[in-house]
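Chains, contacts and geometry: an overview
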Amino acid sequence: MSSTSASAAAAARPKHWAIDFVLLAAIWGSSFLFMRIGTVEFGPLPTAAVRVAIAAAFLLPLVLLRGLGATLVKNWRHVFLVGVFNSGIPFACFSFALLSITTGLSAILNATVPMFGALVAWLWLKDKPNHSRLLGLVVGFAGVAMLAWDKATFQPDASGVAPGWAVLACLLACICYALSASYTKRYLTGLPPLVTAAGSQIGATLGLALPALWLWPAKMPGSSAWLALLVVGVLCTGIAYILYFRLIETAGPARALAVTFVVPVFAVFYGVLFLGEAVTLWMLVCAVVIVCGTALSTGLLKIPR
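This section reports on the structure supplied with the text. Just so we're clear, the structure is a prediction, and the values are computed from it rather than from any experiment. (Residues numbered from 1 in each chain as written. Predicted model: local features only at pLDDT ≥ 70, side-chain atom pairs only at ≥ 80, totals over all residues. Heavy atoms only, no water.)

Observations concerning the overall build of the chain
Broken down by element type, the chain carries 13 helices and 0 strands. Shown N-terminal to C-terminal, the secondary structure of the chain runs as helices and strands in the order α-α-α-α-α-α-α-α-α-α-α-α-α. Against the 2.2 N^0.38 benchmark of 19 Å for 305 residues, the chain shows a C-alpha radius of gyration of 19 Å, consistent with a compact globule. Each principal axis of the C-alpha distribution contributes one length, and for the chain these read about 65 × 50 × 40 Å. Here the chain holds 305 residues, and 49% of them are scored as buried. Computed over 18 positive and 7 negative side-chain charges, the inter-centroid distance for the chain is 14 Å. (Helix = DSSP H or I, 4+ residues; strand = E, 2+ residues; numbered from the N terminus. Rg over C-alpha atoms; globule rule 2.2 N^0.38 Å. Buried < 20%, exposed > 50% of the residue type's maximum accessible area, 1.4 Å probe, protein only. Lys, Arg positive; Asp, Glu negative; His and termini not counted. Charge placed at Lys NZ, Arg CZ, Asp CG, Glu CD.)

Okay, structure coming up:
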């Protein structure tokens, strides 16, 4: 390749990853909207189960077409377990939470995933954070406490679910994401990302199948609910995984991780536009505190000595 061609490719590369970055944030931001539509008719567990089943059906043929089936079979135990904690439990928790709290609030709480990831890596993998990252953990958890305090009531609302339980469900989902990240780093390093993505969705499907069948709604959900889960399964899970892993390769893990901070912007926008959800000043203040704390705790933002 000539020097001119190499320079042109280098100049184009940032543009390509930036497009992937914004597109991924927009897609993941919409997942809260589609889960909200689906869970009203399906219920939390069936919503999560249908989502991962559709994603698995979308990703598995890609694994087989690339000749990675044997790799998936060889590593199925670890990959399936990751799926339960990285998709099955979190998707069920967020579906439950969306019965009571807004999509924007759920997405803001989801932005704490890197912060919990840093904490779990410290406790489990002995990845001790420096003073700047420790400060970020304190600031981030303070933001979560501020946001949770505003929703601290455990009295059921019109949906039958107390906002306090919904907030705790979101935080449980974030902890599961964090545990899965450290587990993946320890046991699945070097495994092709597509294998991890597809296998994890199969594992989540198997883990949720029986509870979902047990709690399947007596009345068959309507076409809008099915369409919402089809979109969240194919677009927000299957295609989003491909974009995410491509972003890691082209922009690096740090930039890929930062997409979590942009997701709430799209989620809040979609919630206001399509669901008429209200955004309070307190939510925005807490979101800024959480994002700053998370950026510090993950090392994306550093305080000079």
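Let us keep going from here.
A few points about the nonpolar core
Judged by nonpolar contacts, the single largest core of 65 residues is most densely connected at F32, F94, I101, L109, L147 and L247. Excluding residues that lie within four positions of it along the chain, F32 makes contacts with F94, L98, T103, S106, A107, N110, V263 and A267. Counting residues in hydrophobic clusters, the runner-up holds 18 residues, among them V82, Y183, I202 and Y241. (Core = buried A, V, L, I, M, F, W, Y, C linked by side-chain atoms within 4.5 Å. Contact = heavy atoms within 4.5 Å.)

Some remarks on the packing of aromatic side chains
Scanning the entire structure with this criterion turns up 13 aromatic pairs. The interplanar angle of 45 degrees and the centroid separation of 6.3 Å between the aromatic rings of W124 and Y183 together place this pair among those described as tilted. Here W124, found in helix α6 (residues 113–124), pairs with Y183, found in helix α8 (residues 163–187); they are 59 residues apart in sequence, far enough to count as distant. On the accessibility criterion, W124 (29% relative accessible area) is partly exposed. Look at Y183 and you get buried, because its relative accessible area is 14%. Within the aromatic cluster, the residues linked to one another by ring pairs are F266, F269, Y270 and F274. A cation over a ring is seen here: R51 above F91, with NZ or CZ 3.7 Å from the ring centre. (Phe/Tyr/Trp six-rings, centres within 6.5 Å; stacked < 30°, edge-to-face > 60°. Lys NZ or Arg CZ within 6 Å of the ring centre and 35° of its normal.)

Examining the packing of α6 against α8
Viewed as axis vectors pointing N to C, α6 and α8 meet at an angle of 50 degrees, and their least axial separation amounts to 8 Å. Compared by their axis directions, α6 and α8 come out oblique. In this structure, the crossing between α6 and α8 has a hand that is right-handed. Every residue of α8 that contacts α6 at V113, F116, G117, V120, A121 and W124 is listed here: L171, C174, I175, Y177, A178, L179, S182, Y183, R186 and Y187. Taken together, the residues of the contact of α6 with α8 break down into 13 nonpolar, 2 polar and 1 charged. (Axes fitted to C-alpha atoms, helices over the stretch in contact; angles between N-to-C directions. Parallel < 35°, antiparallel > 145°, perpendicular 65-115°, else oblique. Left-handed = near helix turned anticlockwise from the far one by under 90°. Nonpolar A, V, L, I, M, F, W, Y, C, P; charged D, E, K, R; others polar.)

Section: helix α12 (residues 259–275)
Relative to the 24 Å expected for 17 residues at 1.5 Å per residue, α12 spans 23 Å between its end C-alpha atoms, a close match to the ideal helical length. Residues of α12 that are buried: V259, T260, F261, V263, P264, A267, V268, Y270 and G271. G276 lies just past α12 and shows a positive phi near 65 degrees. (Expected span 1.5 Å × (residues − 1).)

Quick word on the side chain of S200
The residue S200 is located in helix α9 (residues 193–214) in this model. There is a polar contact of 2.8 Å between the side chain of S200 and the backbone oxygen of A197. If sequence neighbours within four positions are ignored, S200 has contacts with V79, G83, V195 and Y241. (Polar contact = N/O pair within 3.5 Å; in protein donor to acceptor, adjacent residues only side chain to side chain.)

So, the environment of P156
Residue placement: P156 occurs in the loop between α7 (131–150) and α8. With 56 residues separating them along the chain, P156 and S100 place their C-alpha atoms 8.6 Å apart. When near neighbours in sequence (up to four residues on either side) are disregarded, P156 contacts V161 and A162.

Description of the state of the cysteines
Within this structure, the stated rule accounts for 0 disulfides. In this model C176 remains outside any disulfide bridge; the closest cysteine sulfur is found in C93, 6.1 Å from its own. Owing to a relative accessible area of 5%, C176 belongs among the buried residues under this scheme. Between C292, a free cysteine, and C286, which holds the nearest cysteine sulfur, the sulfur-to-sulfur gap is 12 Å. (Disulfide = S-S within 2.5 Å.)

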